[in-house]
Amino acid sequence: MRAFVLTIIRLGPCGAYMVAAIALLSVALLCNAPSSSFAWALYTTMLPMTRTLILTLVNASDVVFWGVTLTLLVAAAIGGYLAVRPERYLQLRFIHAHAALVASGLAVLQISQSSAGFASSSFAQLPPVGWPVVDGSSAAFALFVLIFLACLSAHVAIIKSVRSARHRTK
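Residues numbered from 1 in each chain as written. Predicted model: local features only at pLDDT ≥ 70, side-chain atom pairs only at ≥ 80, totals over all residues. Heavy atoms only, no water.

**Comments concerning helix α4 (residues 62-84)**
Helix length check: α4, at 23 residues, gives a terminal C-alpha distance of 33 Å against a target of 33 Å (1.5 Å per residue), a fit within 8%. Taken together, the buried positions of α4 are F65, T69, L72, A75, A76, G79, G80, L82 and A83. (Helix = DSSP H or I, 4+ residues; strand = E, 2+ residues; numbered from the N terminus. Expected span 1.5 Å × (residues − 1). Buried < 20%, exposed > 50% of the residue type's maximum accessible area, 1.4 Å probe, protein only.)

Here's what the structure looks like:
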């Protein structure tokens, strides 16, 4: 049971990368099917947690947009491998988790700031969408806590590795 829980915790950073990738894919879906209620629901669900990322990449070239999306998907896949094989690549696991922690921390901070919308855009014409799966702020905070635990797990693994290396050299 303990190994299962630790694997779930180590998968936390994958969640951050997947949320960002899904947010970018929701933009592409919305561009291809602007009348789809599913596309709008997915976009408006993902927007609060990834607003800065989306606004930064919407005006980027297609190569940059799809390159970042592919990079996020690859980062999530690498994180899955690192979660299943935690004893290998400790430094990469450490960096992977901490990059996700910084990104999710910025997302939580962004969500916590009260803003009624975009200053440069008017979204008054948006159709009302009911997507009651999760509340954006609580989901982002839960993901942040999970990623924090993954970072803590990486710290513990590195400390154990250093201690065992010291013990072997004595």
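Back to the text.
**With respect to the packing of helix α2 (residues 12-32) against α4**
At a minimum axis distance of 8 Å, the contact between α2 and α4 shows a crossing angle of 150°. With respect to their mutual orientation, α2 and α4 come out roughly antiparallel. For α2 against α4, the interelement crossing comes out left-handed. Taking contact as the criterion, the partners of C14, Y17, M18, A20, A21, L24, L25, V27 and A28 in α2 are, on α4, F65, W66, V68, T69, L72, L73, A75, A76, G79 and G80. Looking at the contact of α2 with α4, its residues break down into 16 nonpolar, three polar and no charged. (Axes fitted to C-alpha atoms, helices over the stretch in contact; angles between N-to-C directions. Parallel < 35°, antiparallel > 145°, perpendicular 65-115°, else oblique. Left-handed = near helix turned anticlockwise from the far one by under 90°. Contact = heavy atoms within 4.5 Å. Nonpolar A, V, L, I, M, F, W, Y, C, P; charged D, E, K, R; others polar.)

**Some thoughts on the environment of I9**
For I9, the location among the structural elements is in helix α1 (residues 2-10). Taking the C-alpha atoms as reference points, I9 and A150, 141 residues apart in sequence, are found 5.4 Å from one another. Ignoring sequence-local partners within four residues, the contact set of I9 consists of L146, L149 and A150.

**Concerning the environment of R10**
The topology assignment puts R10 in helix α1. Overall, the relative accessible area of 13% leaves R10 in the buried class. Residues R10 and A97, 87 residues apart in the sequence, show an inter-C-alpha distance of 8.1 Å. For R10, the contacting residues outside a window of four places in its chain are A3, G79, L82, A83, P86, R93, A150 and S153.

**Comments concerning empty space enclosed by the protein**
On inspection of all chains with the given rule, the structure shows one cavity of 30 Å³ or more. Of the voids in this model, the largest cavity is the one considered here, and its volume is about 50 Å³. Taken together, R10, P13, G79, L82, R93, H96, A97 and A150 form the lining of the largest cavity. When residues of the lining of the largest cavity are traced back to their parent elements, those giving at least two are α4 and α5 (90-112). Residue contributions to the lining of the largest cavity peak at three residues, all from α5. Residues that form the lining of the largest cavity fall into these classes: four nonpolar, two polar and two charged. (1 Å grid on protein atoms, 1.4 Å probe; cavity = no way out; pocket = protein on both sides within 12 Å on 5 of 7 lines; lining within 4 Å. Points joined across faces, edges and corners; volume = space filled by probe spheres on them.)

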